[in-house]
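Each chain, written out:
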Amino acid sequence: MNIKMKKKLLIVNQHFATGGIKKSLDNLLSILLEQYEVRVLFISGSTKQFENKYPNVLISSPFILTSVLSSLKDLKEMDWFIVRLFLKIIGLLIGKCIGMEKTINSIIKISRKLGDYDCAISYSHDNWFENGNFFGGSNEFVLKKVNAKKKIAWIHGELDTIGLNKERLFKTYKSFNEVITVSKACKNQFESLSNGIIKCQCIYNLLNIEDIKNKLQNIRYSESNSIFRIVTVARLSKIAKRVDKINEIAKLLRDKGYNFKWIVVGGGSEYESCINICKEYGLESMVYYVGNQENPYTYIKESDLFVLVSDTEAMPVVIQEALIIGTPVVTTNFSAAYESVIDGKNGFIVKKDIQSIYEKVVYCMEHKEQLKEFRKYMQKNQINNEKTIIEIKNIIG
């Protein structure tokens with residue numbers, strides 16, 4: 001009797017903190033663990049949450065690399081805090097002299113080698129910033145420190161946003177067997193920048209549809225005649241997510257006399273700043289910052305409208321989740337928005353400025369009958385994962 005061995009798969013990711021990549025990785029693992037022998041390695045951040053959720057999947061992170069890349073808050077949760085803090089300070093000082101990318105690559109060079117795997121995936125892209133800073137390393141780690149028959153790189157961001165230019169593209173991705181983007185817009189950007197020399201494939205993020213439905217078993221949407229309920233789920237960041245717009249839009253709504261409640265789910269670097277501005281504007285009874293939530297779907301389900309205010313997105317999982325739940329969407333017009341929202345059918349796509357978003361939210365408040373039509377459309381045209389699951393299994397092999 002022949003017993004077929006599971007293929008060995010390694011996933012290297014930046015961290016397991018809040019954000020779309022974390023959720024996307026969670027959804028991916030729910031499929032991969034059924035068919036493959038999966039191991040996961042993080043190059044920064046605390047891994048306690050991941051270990052509790054996925055026993056016997058985690059590989060211990062490279063000590064020096066995680067010490068340099070992790071935040072002070074995360075370092076405090078790790079063993080050998082003083083030693084790690086010393087290494088981080090040294091790493092930052094060296095980074096100021098030779099640049100953080102060279103520093104990270106040098107640390108990876110002296111890290112232990114891993115193998116052998118049938119497939120290794122770098123699941124988080126690198127980020128190059130205008131000020132010369134760099135945050136990443138999973139691509140370099142997979143290329144230089146993993147023995148694998150196939151190596152795959154995932155890109156979860158728009159190329160301009162992550163700072164990927166032509167030189168960096170060829171240097172980073174020429175040695176991978178496959179490059180995956182999470183939207184057709186990002187695929188077009190990538191192949192245009194590479195002049196078609198390096199091809200890539202678009203595979204949409206997996207969605208844990210069963211989990212969403214289970215968490216909403218006893219939740220029903222009912223329209224309120226007294227108050228209009230808005231929800232945003234996002235990492236609270238100014239750089240791409242532009243959550244600073246929410247207080248400005250809410251102030252305009254309040255000043256025009258609209259009766260609304262806007263719940264903002266998510267944590268991040270701008271969490272305290274958003275709360276402070278909310279208080280400064282006197283919006284505490286209208287805008288609620290509730291932080292990260294284990295079950296954000298309840299907030300989406302109970303709302304009349306989901307609003308995304310980002311300046312840039314690759315393919316936000318949260319929009320897909322809102323559409324699965326059946327909540328109409330207003331989103332800004334980043335390139336990939338048109339791949340999920342059908343303008344005038346299940347939501348609206350608007351310009352990225354505060355006034356345009358405000359005007360469309362007001363339109364939704366004043367045209368609730370159209371939102372009912374959107375809900376009917378979503379009920380008839382439900383999202384599924386079938387194509388994405390096939391594509392992922394085919395590319396891993």
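Refer to the structure printed above.
For the structure given in this document, a descriptive report is provided here. Once a new chain begins, its residue numbering starts again from 1 and follows that chain's sequence as written. Totals for whole chains, interfaces and linings use every residue, but because this is a predicted model, local features are given only for residues with pLDDT of at least 70 and side-chain atom pairs only at 80 or more, for both listing and counting. Calculation of side-chain values draws on the structure's entire complement of heavy atoms; hydrogens and water are dropped beforehand.

1. Focus: the packing of aromatic side chains
Definition in use: Note on aromatic pairs: the rings of Phe, Tyr and Trp (six-membered ring only in Trp) are paired at centre separations within 6.5 Å, and the planes decide the class, stacked below 30 degrees, edge-to-face beyond 60, tilted for the rest. Residue exposure (1.4 Å probe, protein chains only): buried if accessible area is under 20% of the type maximum, exposed if over 50%, otherwise partly exposed. Charges are assigned to positions over rings by a cutoff of 6 Å between ring centre and Lys NZ or Arg CZ, combined with an angular limit of 35 degrees from the ring normal.
Taken as a whole, this structure holds ten aromatic pairs when the rule is applied. When the centroid spacing of 5.0 Å and the interplanar angle of 80 degrees are considered together, the rings of F42 and F50 count as edge-to-face. Among the residues examined, F42 registers a relative accessible area of 1% and is labelled buried. For F50, a relative accessible area of 0% corresponds to the buried category. Residues Y173 and F176 carry aromatic rings whose centres are separated by 6.1 Å and whose planes lie at 40 degrees to one another, so their mutual orientation is tilted. Here a set of aromatic residues connected by ring pairs shows up, and it is made of F16, F42, F50 and Y54. Its guanidinium or amino end placed over the ring of Y281, K251 lies 5.7 Å from that ring's centre, counting from NZ or CZ. Across from the ring centre of Y288, 5.5 Å away, lies the NZ or CZ of K261, which sits over that ring.

2. Details of the sheet that holds strand β7 (residues 178–181)
Basically, it comes down to this: A strand pair is defined by DSSP finding two or more bridges across the two strands. The helix and strand labels rest on DSSP assignments: H or I over at least four residues marks a helix, E over at least two residues marks a strand, and numbering proceeds from the N terminus. Whether two residues are in contact is decided by their heavy atoms, any of which lying within 4.5 Å being enough. Orientation is described by axes fitted as lines to C-alpha atoms, over the contacting stretch for helices, and by angles from 0 to 180 degrees between their N-to-C directions.
Taken together, six strands build an open sheet; the order of strands is β2-β1-β3-β6-β7-β8 and the sheet is parallel. The open sheet has two free edges, formed respectively by β2 (37–42) and β8 (201–202), since each of these has just one partner strand. The pairing of β7 with β8 spans two bridges and is parallel. Within β8, the residue paired with T181 across the bridge is C202. Running at roughly 145 degrees to strand β6 (residues 146–155), helix α18 (residues 386–396) makes contact with β1 (8–13), β3 (114–122), β6, β7 and β8 of the sheet.

3. Notes on the pattern of salt bridges
Heads up, the rule is: The term salt bridge refers to a pairing of a side-chain nitrogen on Lys or Arg with a carboxyl oxygen on Asp or Glu at a separation within 4 Å.
Summed over all chains, the structure comprises 18 salt bridges. The partner of D311 in a salt bridge is K245, with the nearest N and O atoms 2.7 Å apart. Highlighted residues: D311 in the loop between β12 (305–308) and α15 (317–325) and K245 in helix α12 (residues 244–255), separated in sequence by 66 residues. Judged by its relative accessible area of 22%, D311 is partly exposed.

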